[in-house]
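Here is how the chains run, residue by residue.
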Amino acid sequence: IILLLIPSILLLTALIYVLFSGNSFRESSVNLEIEGPATVTGGSQVEYLIKYTNKSKVAIENPELVLFYPKDTVIITEDAVINTDTQRFKVDDIKVSETKQEKVKLLFVGQRGDIKNLKAQLTFNAKGIRASFRKEKSLGITITNLALSVTVLAPPSIINDQNIEYIIDYRN
């Protein structure tokens, strides 16, 4: 009798595994990445790639990507230069094992040592699941240099009606 039960138990276990694991969804199977430099020269154009990958066993429906830009960041597109805090991308559904990406060109304005935070947020539904999911990723970007450096030299004090000279040194 035991020899007859073992194959039945193995068959039942395999059937349960196939039925319940085939369409399972794990939020951790959806990846969101920001690729690009973590240090920039202030006033220079920099390109970032926002990648999102569906490694789950079900399609992703109604995805929406939102980018949150740091204050004083300029977005450079083919048509215009935009100064906004957020940018929304409506994305087509993401198939199983598919990777999609958005490319943005930015110009960061600030002082040497400033840290700017670029944040990406992907909201979506998994096929067959009513719940809405959200993935977020941030990248801290440090301004290490400035595209234009200006130095002004002037006398420490002046006397009334005295002519003075300023030396202005600027480098690009």
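Here the residue numbers are simple positions, counted from 1 along each chain's written sequence. Two thresholds apply to this predicted model, a pLDDT of at least 70 for residue-level local features and 80 or more for giving and counting side-chain atom pairs, whereas whole-chain, interface and lining totals are computed over all residues. Working from all heavy atoms in the structure, the side-chain values ignore hydrogens and water.

## Section: the side chain of Lys116
Argument step 1. Strands are runs of DSSP state E lasting at least 2 residues, helices are runs of H or I lasting at least 4, and numbering of each runs from the N terminus. Take Lys116: it is sitting in strand 9 (residues 115–126).
Argument step 2. Accessibility here uses a 1.4 Å probe with only protein chains present; expressed as a share of the type maximum, an area under 20% marks a residue as buried, one over 50% as exposed, and anything in between as partly exposed. Here the positive residues are Lys and Arg and the negative ones are Asp and Glu; neither His nor the chain ends is included. Between Lys or Arg on one side and Asp or Glu on the other, a salt bridge is scored when a side-chain nitrogen of the former is within 4 Å of a carboxyl oxygen of the latter. Salt bridges are absent for the buried Lys116, whose nearest opposite-charge side chain, Asp114, sits at 4.6 Å.
Argument step 3. What qualifies as a polar contact is a pair of N or O atoms within 3.5 Å, subject to a donor-acceptor requirement within protein and to the restriction that residues adjacent in sequence count only when both atoms come from side chains. At a separation of 3.3 Å, a polar atom in the side chain of Lys116 contacts the main-chain carbonyl oxygen of Lys71.

## Here we look at the pairing of strand 10 (residues 132–146)
Argument step 1. Examined bridge by bridge, strand 2 (residues 39–42) and strand 10 share four bridges and lie parallel to one another. Note that in strand 10 the partner of Thr39 across the bridge is Thr142.
Argument step 2. The pairing of strand 9 with strand 10 spans eleven bridges and is antiparallel. Pairing of Ala120 across the sheet is with Lys137, part of strand 10.
Argument step 3. Two successive antiparallel strands, strand 9 and strand 10, enclose a turn made up of five residues, where Gly128 displays a positive phi of approximately 85 degrees. We call two strands paired when DSSP finds no fewer than two bridges between them.

## Let's talk about the environment of Gly140
Argument step 1. Within the element layout of this structure, Gly140 appears in strand 10.
Argument step 2. Relative accessible area serves as the criterion here: at 37%, Gly140 is assigned to the partly exposed category.
Argument step 3. Sequence spacing of Gly140 and Pro37 is 103 residues, and the spatial spacing of their C-alpha atoms is 9.6 Å.
Argument step 4. The contact criterion used throughout is that any non-hydrogen atoms of two residues lie within 4.5 Å. Those residues in contact with Gly140 that lie beyond four places of it in its chain are Ala38, Ile115, Lys116 and Asn117.

## Regarding the environment of Asn145
Argument step 1. Within the fold, Asn145 resides in strand 10.
Argument step 2. Note: C-alpha distance between Asn145 and Gly42 (103 residues apart in sequence) is 6.0 Å.
Argument step 3. Aside from chain neighbours lying at most four places away, what touches Asn145 is Val40, Thr41, Gly42 and Arg112.

## Thoughts on the sheet that holds strand 6 (residues 81–82)
Through backbone hydrogen bonds, the strands of a sheet pair up, either in parallel or in antiparallel fashion.
Argument step 1. Across the sheet, which stays open at both edges, the five strands sit in the order 1-3-8-5-6 with antiparallel pairing between neighbours. Edge strands, defined here as strands with exactly one partner in the open sheet, are strand 1 (30–35) and strand 6.
Argument step 2. Pairing between strand 3 (residues 45–54) and strand 8 (residues 99–108): nine bridges, direction antiparallel. Within the sheet, the bridge partner assigned to Lys51 lies in strand 8 and is Gln101.

## Focus: unusual backbone geometry
Argument step 1. Its identity as a non-glycine residue notwithstanding, Asn62 has a phi of 50 degrees, on the positive side.
Argument step 2. Within the secondary structure, Asn62 is located in strand 4 (residues 60–68).
Argument step 3. Positive phi, close to 65 degrees, is recorded for Asp72, a residue that is not glycine.
Argument step 4. Topologically, Asp72 is positioned in the loop between strand 4 and strand 5 (73–76).

All quantities given are derived from atomic positions and should not be read as evidence of function.
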